[in-house]
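Letter by letter, the chains look like this.
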There are 2 protein chains.
Amino acid sequence: MSAAGQRLTIRDVAARAGVSRAAVSLAFNNKPGVSETTRAHILRTAEVMGWEPNRSARARGSRGTGAGTGTVGLVIRRPARQLGLEPFYMDFISGIGSVLTERSGALLLRLVRDLDEEIELQRHWWRSGQIAGSVLVDLQRDDPRVPALAELGMPVIAVGHPSLTGPFTALWTDDGTAVTEAVRYLAALGHRSIAHVGGPAELGHSALRTEAFTAAMTELGLADARRRVTDYSGDDGARATRSLLASAARPTAIIYDNDLMAVAGLSVAAEMGLRVPSDVSLLAWDDSQLCRLTHPSLSAMSHDIHAFGAEVARAMYDVLGGERVTGRQVPTPSLTPRGSTGPPPPP
Amino acid sequence: MSAAGQRLTIRDVAARAGVSRAAVSLAFNNKPGVSETTRAHILRTAEVMGWEPNRSARARGSRGTGAGTGTVGLVIRRPARQLGLEPFYMDFISGIGSVLTERSGALLLRLVRDLDEEIELQRHWWRSGQIAGSVLVDLQRDDPRVPALAELGMPVIAVGHPSLTGPFTALWTDDGTAVTEAVRYLAALGHRSIAHVGGPAELGHSALRTEAFTAAMTELGLADARRRVTDYSGDDGARATRSLLASAARPTAIIYDNDLMAVAGLSVAAEMGLRVPSDVSLLAWDDSQLCRLTHPSLSAMSHDIHAFGAEVARAMYDVLGGERVTGRQVPTPSLTPRGSTGPPPPP
């Protein structure tokens, strides 16, 4: 295979159709100046030859092809040692993709190591016209991407609480309310010692969930609120679980900030000879299909991540269409009880 | 946010730097005709203003931005009802991404429902200059994408056995040898009744694995070769496992064609009160991180999918660089025994 394949140009189409290049352009832009018969003839000729105009040059002046066709950028940060993407992103990308497909758009995806690399890349994508806009994920407090990308005037949908997203259209789930629901549910089952296995403090949604966890425990008068910080990987989830379950007074319930870590936690419990839920209750977050595939199946704070991704893509197209889109909260994760939660063991 | 943000043009940069547009172009193309001092001044001015040339128009004539910057297309088919992507694709995309990042390329991703939709989309991406080339996955026998895309002269890396990939550069794993190794291993443990939970027959690699499974069983004189066909989803894997384990003479070992289905199989065994591996042995395929997160951890036919994705991206850049790249076989999946395989129960 060679990359050199000769591409057809408007000149070839004009020659084959026996018209001027201007006529081809008028026909494709649906402008007056060519008869309907000629227009149909030109379009048919181009179709037969397999030529279509470069939308970028045609419609948007200096904007590149990506911008013209509604290509949306998505940059995911993750530590170099962490291979693969977590289940959340599989469902999220799939949801964005479902709407892009309807609109003939596409997702331009890149994995990066840090925020600086992301900012550089987003700038480059935008300035070289490769994207019409971008979706920002994993917002941090005082996220440097917000001022940097706002300066570009680039359309952005930011997935995060409005307190994190600056001038951008924000889409978020109410994680605070969901964490509170999770803690209250476990407390209602009789648990007094509840642990939280969360993400790094610099991530905005991790920080919000951690604060909500501590507040909910305090409100319920539960002093034994233990926390473990992870990088959201299954391995880190397993380590955090081992450390909690091996501690002198082990918690009787653990809330995980994603489902991959909860799956790992379930295995660690089995490995340590503890029964779930009679010895320890485990509660997952996100609820991808993994939670239904384990035994016992995992109770989880569920939300429809696929629908969330689709909503983000729809908001992006509204913005691109020139609408003024205010932020919106998507449905709050809600408790789906399955087999991994129950009353604590008798003291 | 508005999509209208005025973009800078080469004219703006020339005016600010006090030079002609031709001089800006010469400076950026590193061509003679401007002094080093002027060149540095122009580049600095552009940098300060945040302008960079549209590589497409500059370097490739009629080719779009995507082509100019090495954007690679990837289209994944999956049934509409199946949300999310399977773990294989998470690792594969991550591996492609790691190389694209080094080369400042990006992945243009779309999920589609069928082959016709994919062909239409690949054609459009190529003709409108959005991609420099594409990676084809899930090759079928007599895959209609092969002639359709070959006709375009588009650079393609096809992930599949050379018997499936026509004129394209093929990268593949030797699935036949791997299946044979899996069957021999289980037979050596003493298993006589081994089942295979595979994918749809129209997928080339599913068909190759199924043939190899049947051949290996026959070769070993094992008559009881049962097969179940799935869509690779966890739910279908659970159903297939239930049907096998509920049958009159249940198999003592099951080989799965991916790891999501093996995770589901493990849960079904637990749900039916069967111990793994003392009642039934389970062997997964692909070996994403999931296999290490279950209890018992899953024995698997392992390959480094991240490295596979990286190899595909490198082959793509070789092709784009004008090299003649012959197909290559990437390392054959090999057995990683863990806790889910052992001798069969006594008869």
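Below you will find a few notes about this structure. Remember, predicted model here, so these are calculated numbers, not experimental data.

On to the overall build of chain A. Helix and strand counts for chain A stand at 14 helices and 12 strands. Per-residue burial for chain A yields a buried fraction of 59% across its 347 residues. Long-range pairs, those at least 24 residues apart, make up 70% of the contacts in chain A with a sequence separation of at least 6. Surface summary for chain A: the accessible area is close to 13,200 Å², and the carbon and sulfur share equals 52%.

On to the environment of Thr 101 of chain A, then. As for its placement among the helices and strands, Thr 101 of chain A is situated in helix 6 (residues 87-102). Given a relative accessible area of 11%, Thr 101 of chain A falls into the buried group. With sequence-adjacent residues up to four places away left out, Thr 101 of chain A is seen in contact with Arg 110, Leu 111, Arg 113 and Glu 117 of chain B.

A few words now on the packing of aromatic side chains. Residue and element names in this part refer to chain A. Per the counting criterion, the structure on display carries eight aromatic pairs over all chains. Seen from their ring centres, Tyr 89 and Phe 92 are 6.4 Å apart, and the 80 degrees between their planes marks the pair as edge-to-face. With Tyr 89 and Phe 92 both in helix 6 and three residues apart, this pair spans about one turn of that helix. The two residues Tyr 89 and Phe 92 agree in class, both being buried. Ring centres of Phe 92 and Phe 308 lie 5.8 Å apart, and the angle between their planes is 80 degrees; on these two criteria the pair is classed as edge-to-face. Of this pair, Phe 92 sits in helix 6 while Phe 308 sits in helix 14 (residues 305-320), placing them 216 residues apart in sequence. The pair Phe 92 / Phe 308 is uniform in exposure class, with both members buried. Counting every residue linked through ring pairs, the aromatic cluster contains Phe 88, Tyr 89, Phe 92 and Phe 308.

Locating Asp 142 of chain A in the fold gives a position in the loop between strand 3 (133-136) and helix 8 (145-152). A sequence separation of 23 residues divides Asp 142 of chain A from Thr 165 of chain A, and the C-alpha atoms of the two residues are 8.7 Å apart.

On to empty space enclosed by the protein. Overall, the coordinates contain five cavities of 30 Å³ or more when judged by the stated rule. Its boundaries defined by the atoms lining it, the largest cavity holds a volume of some 90 Å³. Within the residue set of the lining of the largest cavity, elements represented by two or more residues are helix 6 of chain A together with helix 6 (87-102) of chain B. A breakdown of the residues in the lining of the largest cavity according to their chemical character gives nine nonpolar, three polar and no charged.

The rules behind the values
- Residues numbered from 1 in each chain as written.
- Chains lettered and ligands numbered in written order.
- Predicted model: local features only at pLDDT ≥ 70, side-chain atom pairs only at ≥ 80, totals over all residues.
- Heavy atoms only, no water.
- Helix = DSSP H or I, 4+ residues; strand = E, 2+ residues; numbered from the N terminus.
- Buried < 20%, exposed > 50% of the residue type's maximum accessible area, 1.4 Å probe, protein only.
- Contact = heavy atoms within 4.5 Å.
- Areas by Shrake-Rupley, 256 points an atom, 1.4 Å probe, with all protein chains shown as cover.
- Phe/Tyr/Trp six-rings, centres within 6.5 Å; stacked < 30°, edge-to-face > 60°.
- 1 Å grid on protein atoms, 1.4 Å probe; cavity = no way out; pocket = protein on both sides within 12 Å on 5 of 7 lines; lining within 4 Å.
- Points joined across faces, edges and corners; volume = space filled by probe spheres on them.
- Nonpolar A, V, L, I, M, F, W, Y, C, P; charged D, E, K, R; others polar.

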